[in-house]
Amino acid sequence: MPESRTPPDRSAAAVPLVQVERVSRHYRLPRESVLKPAPTVRALHDVSLTLHAGTSLGIVGESGSGKSTLARLVMALERPDAGRVRFAGQDLAALDAAALRRARASFQMVFQDPYGSLDPRRTVGQTVAEPLAMLHGTARDEQRARAAEALDAVGLRASDLDKYPHEFSGGQRQRIAIARALITRPQLIVADEPVSALDVSVQAQVLNLMQDLQDRYGVTYLFISHDLAVVDLVCDEVLVLQHGVVVERGATREVFTRPQHEYTRTLLAAAEPA
């Protein structure tokens, strides 16, 4: 496994790549009665964070803490009910459809399940090139060449382009998913539990790969995970969510060795081996 991350030095004047400014998100639940209004659940409340280029921020918390909701807001898959999300200074909610589509080339996502995130009917080449295919002006020959380049970056071969997902192991499928995220040469990758569905030995390989890609391409990670050990290994900083509220944030080593909030201490105690 890789060693724990040390936060890199950065200028205080640097503009953050991602700024989440006091965002809140609520969801309406099905009506329990026609005589009563539909209840709502608070997924996030007044959440703020900044993420600088070339760094990794881990988001941790129990199931239902709002981690994946935050990821969807950063990816502009949903809009916040209050507050704003800025990417490279742009308010994503203020962009029209065409401008948002162009902006999406700069931020991509890797999902938890390498089995469910790949279409079994499409070749690896089609899958990896899909983000490019959605951008106007990218010829098919260029799409294929870039897909081969992305596969090589994650340790696979150009000859794998014409194969199908069922021909690969779980770890290889997650490499394919990472290649798909890399193909637009994004500044940010949002990784939502990217290794939780993999065997422990394969987790180490994928985590090493992600760190190598960060060193090689300077990619920034927003890393969603329930596994505190994984966050400790790959993230410079960590943000702790409880019931949609930020309860602690800081350098990963600092937070994990000297937690200030009782909830963080509870998470760390639960993660300790029996």
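Residues numbered from 1 in each chain as written. Predicted model: local features only at pLDDT ≥ 70, side-chain atom pairs only at ≥ 80, totals over all residues. Heavy atoms only, no water.

Things to note about the overall build of the protein chain
Here is step 1 of the chain: Helix and strand counts for the protein chain come out as nine helices and 10 strands.
Here is step 2 of the chain: Radius of gyration (C-alpha) of the protein chain: 19 Å, near the 19 Å computed for a compact globule of 274 residues.
Here is step 3 of the chain: Projecting the C-alpha coordinates of the protein chain onto the three principal axes gives extents of approximately 50 × 50 × 45 Å.
Here is step 4 of the chain: Within the protein chain, the fraction of its 274 residues that count as buried is 50%.
Here is step 5 of the chain: Put simply, of all contacts in the protein chain between residues at least 6 apart along the chain, 68% involve residues at least 24 apart.
Here is step 6 of the chain: With the model as given, the accessible surface of the protein chain reaches about 13700 Å², and the carbon-plus-sulfur share is 49%.
Here is step 7 of the chain: Charged side chains in the protein chain number 32 positive and 33 negative. The centres of these two groups are separated by 7 Å. (Helix = DSSP H or I, 4+ residues; strand = E, 2+ residues; numbered from the N terminus. Rg over C-alpha atoms; globule rule 2.2 N^0.38 Å. Buried < 20%, exposed > 50% of the residue type's maximum accessible area, 1.4 Å probe, protein only. Contact = heavy atoms within 4.5 Å. Areas by Shrake-Rupley, 256 points an atom, 1.4 Å probe, with all protein chains shown as cover. Lys, Arg positive; Asp, Glu negative; His and termini not counted. Charge placed at Lys NZ, Arg CZ, Asp CG, Glu CD.)

Let's talk about unusual backbone geometry
Here is step 1 of the chain: We note that alanine 76 has phi near 60°; this positive angle belongs to a residue other than glycine.
Here is step 2 of the chain: Within the fold, alanine 76 resides in the loop between α1 (67–74) and β4 (82–87).
Here is step 3 of the chain: Here alanine 76 falls in the buried class, since its relative accessible area comes to 17%.

So, the nonpolar core
Here is step 1 of the chain: Formed by 48 residues in total, the largest nonpolar core has its most connected members in Val128, Val154, Ile178, Leu213 and Phe223.
Here is step 2 of the chain: Take this core: its biggest share by element is six residues, from helix α6 (residues 200–217).
Here is step 3 of the chain: Other than its neighbours up to four places away in sequence, valine 128 contacts Ala147, Ala150, Leu151, Ile176, Ala179, Arg180 and Ile183. (Core = buried A, V, L, I, M, F, W, Y, C linked by side-chain atoms within 4.5 Å.)

Section: the pattern of salt bridges
Here is step 1 of the chain: For the coordinates displayed, the defined rule picks out 17 salt bridges.
Here is step 2 of the chain: Here arginine 22 ties to aspartate 46 by a salt bridge, and the two come within 2.7 Å at their closest N and O atoms. Pair noted here: arginine 22 is in strand β1 (residues 18–28) and aspartate 46 is in strand β2 (residues 40–51), with a separation of 24 residues, a long-range link.
Here is step 3 of the chain: Of the charged contacts, one joins arginine 25 and aspartate 81 as a salt bridge, the two residues approaching to 3.5 Å between their closest N and O atoms. (Salt bridge = Lys/Arg side-chain N within 4 Å of Asp/Glu carboxyl O.)

Some thoughts on helix α4 (residues 140–153)
Here is step 1 of the chain: Compared with the 20 Å implied by 1.5 Å per residue over 14 residues, the 20 Å span of α4 between its first and last C-alpha is a close match.
Here is step 2 of the chain: Of the surrounding secondary structure, the elements contacted by the buried residues of α4 are α3 (124–133), α5 (170–182) and α6.
Here is step 3 of the chain: Just downstream of α4 lies glycine 155, where phi reads positive at about 90°. (Expected span 1.5 Å × (residues − 1).)

Focus: the sheet that holds β2
Here is step 1 of the chain: Read across the sheet, four strands follow the order β2-β1-β4-β5 without closing on themselves; strand pairing throughout is antiparallel. Every other strand in the sheet has two partners, leaving β2 and β5 (90–91) as the edge strands with one partner each.
Here is step 2 of the chain: Sheet contacts for α1: β1, β2 and β4; angle to β1, the most-contacted strand, approximately 120°. (Pairing = 2+ DSSP bridges. Axes fitted to C-alpha atoms, helices over the stretch in contact; angles between N-to-C directions.)

Observations concerning the packing of aromatic side chains
Here is step 1 of the chain: Summed over all chains, the structure comprises one aromatic pair.
Here is step 2 of the chain: Ring centres of phenylalanine 87 and phenylalanine 107 lie 5.0 Å apart, and the angle between their planes is 55°; this geometry places the pair in the tilted category. Remark: phenylalanine 107 occurs in strand β6 (residues 107–110) and phenylalanine 87 occurs in strand β4; sequence separation between them is 20 residues.
Here is step 3 of the chain: The exposure class of phenylalanine 87 is buried, given its relative accessible area of 5%.
Here is step 4 of the chain: Look at phenylalanine 107 and you get buried, because its relative accessible area is 1%. (Phe/Tyr/Trp six-rings, centres within 6.5 Å; stacked < 30°, edge-to-face > 60°.)

Brief notes about the sheet that holds β6
Here is step 1 of the chain: Taken together, the six strands give an open sheet; going across it, the order is β6-β7-β8-β3-β9-β10, and neighbouring strands pair in mixed fashion. The outermost strands of the open sheet, each flanked by one partner alone, are β6 and β10 (245–251). Mean inter-strand twist for the sheet, computed between neighbouring axes without regard to direction, equals 15°.
Here is step 2 of the chain: Sheet contacts for α5: β6 and β7 (188–192); angle to β6, the most-contacted strand, approximately 170°.
Here is step 3 of the chain: Strand contacts of α6: β3 (56–60), β7 and β8 (220–224), with the helix running at about 155° to β8, the strand carrying the most contacts.

Limitation: the analysis is restricted to geometry and does not speak to function.
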